[in-house]
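Spelled out from the first residue to the last, the chains are:
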Amino acid sequence: MRGVRAWLIVVAALVVCTLMVGGATRLTESGLSIVEWKPVTGTIPPLTDAEWSRQFEAYKTIPQYREMNRGMSLSEFKTIFWWEWGHRLLGRLIGAVFLLPFLWFLWRGFLSPGLQRRLWIIFVLGGLQGAVGWWMVSSGLTERVSVSQYRLAIHFMLALFIFSAVVWLLRRHIQGGVPSVAPLRVKVVGRVLLVLVFLQLYFGALVAGLRAGRVFNTWPLIDGAFIPSSARLFFEQPWWRNFFDNTLTVQFSHRMIAYTLVVVAIAHAIDAVRSRTSPAIVSGALWIVAAMLVQVAIGILTLLNQVPIDLGLAHQAVAIVILTMTLFHVERLGRALPDRTPAKLRLVVGEGG
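About the cut-offs
- Residues numbered from 1 in each chain as written.
- Predicted model: local features only at pLDDT ≥ 70, side-chain atom pairs only at ≥ 80, totals over all residues.
- Heavy atoms only, no water.
- Helix = DSSP H or I, 4+ residues; strand = E, 2+ residues; numbered from the N terminus.
- Buried < 20%, exposed > 50% of the residue type's maximum accessible area, 1.4 Å probe, protein only.
- Domains from an automatic or database assignment.
- Contact = heavy atoms within 4.5 Å.
- Buried area = accessible area lost by both parts, 1.4 Å probe.
- Salt bridge = Lys/Arg side-chain N within 4 Å of Asp/Glu carboxyl O.
- UniProt positions renumbered as here; feature names shortened; annotations may be inferred.

Let us now look at unusual backbone geometry. A cis amide bond links Trp219 to the next residue, Pro220, at an omega of 5 degrees. Of note, the amide linkage connecting Gln237 to Pro238 takes the cis form, showing an omega dihedral of -5 degrees. If you check the backbone angles, Arg276 has positive phi at about 55 degrees while not being a glycine. Relative to the elements of secondary structure, Arg276 occurs in the loop between α10 (247-274) and α11 (279-304). By relative accessible area, Arg276 is classed as exposed at 74%. Here Gln306, not a glycine, exhibits a phi torsion of approximately 60 degrees, which is positive. Tracing the sequence through the fold places Gln306 in the loop between α11 and α12 (309-334).

Time to look at the domain arrangement of the chain. Taken domain by domain, the chain consists of domain 1 (1-176) and domain 2 (179-337). A separation of 25 Å is found between the C-alpha centroids of domain 1 and domain 2. Taken together, the 27 residues of domain 1 in the interface contact 29 residues of domain 2. Surface buried jointly by domain 1 and domain 2 totals about 2,600 Å² across both partners, of which 69% is contributed by carbon and sulfur atoms. A per-residue breakdown of the area domain 1 buries against domain 2 is headed by Leu27, Gln149 and Arg171, which together make up 24% of the total. Put simply, domain 1 and domain 2 have two salt bridges between them.

Right, let's talk about the environment of Trp82 for a bit. You can see Trp82 is positioned in helix α4 (residues 74-108). A residue is classified by how much of its surface remains accessible, and Trp82, at 38% relative accessible area, is partly exposed. Considering only alpha carbons, one finds Trp82 and Val21, 61 residues apart in sequence, at a separation of 11 Å. Ignoring any residue separated from it by four or fewer positions in sequence, one finds Trp82 in contact with Pro45 and Trp52.

This part covers the UniProt feature "binding site: heme" (unreviewed entry) in the chain. Mapped onto the present numbering, the UniProt feature "binding site: heme" (unreviewed entry) falls on His254 and His315. For the annotated residues, spread through 62 residues, the largest C-alpha to C-alpha distance comes to 13.0 Å, consistent with a single compact locus. Within the element layout of this structure, His254 appears in helix α10. Taking relative accessible area as the criterion, His254 reaches 17% and is therefore assigned buried. With near-sequence residues (within four places) excluded, His254 lies in contact with Gln200, Phe203, Gly204, Val207 and His315. If we skip the residues at most four places from it in the chain, His315 touches His254, Gln295, Ile298, Gly299 and Thr302.

This is the structure in structure tokens:
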């Protein structure tokens, strides 16, 4: 199992690298620099001046060049090309790093039937992610100057689900651990935290897709108030479209979920301490609070500075750290014994947790 664990850790690390390069690709407006999808031959970058010219001429045919980058030099084009090419290369690398050892572990019989099924599902999701990535890019090649924020959010969230599945397998089916103790209330709120984290990540993707972080760059007020007027928040019809298309509503929602997350995380940590749950659970809850407070500070700085690439990537990196910590925490809570466990056993388990 040690080899399987090391393999999945490498896969998870590669997914994080791909997410970060994807974030840089978005922040540098590089995602539309490659206007064709060649899953195999696209691995090789342009090697001659003629091939570079062909790629550049293809880019000149799309609206983003005509409306945003008209007159850019070949050297400038190469910069955005390399970001997108690197992002796609990492995606292909993940596929190879996942599939080849997987087949070897299957051949050697190192994987249980249940683990095999879960790994096949992850592999299928990885293949789907490649198709979703092109589906996203294609949305910006004809009528838009950027990709659809809907498709960007789906692409981002699918990557996070794949990452989460790998992390969960590492914790639950391979690494294991000593059971802890926690009341049902603490378990439920822990799961609520995880749902809120995913929701916040989704709205973060919409903010990125709409470039909403470069609008309303004040804090704690937004559009001149802590809570903007309903006429500004819900002017699109039907009303629910504002949560996806209205930059003010999307950024406001992202802020409110952040505040909610911090409040719920602090309440959860206090409850874990007062309930005398296992030290590992208390520590996990407190670390989540600390990470969220850091994330709030980075988020505010990112907003006030109109999303420079360094702060934007730091904001995304800490978000992934929070997701990982919350996954660990919820998985640990899932293995926790109920609060009605005899006191003697609770003490022993708590010391081991």
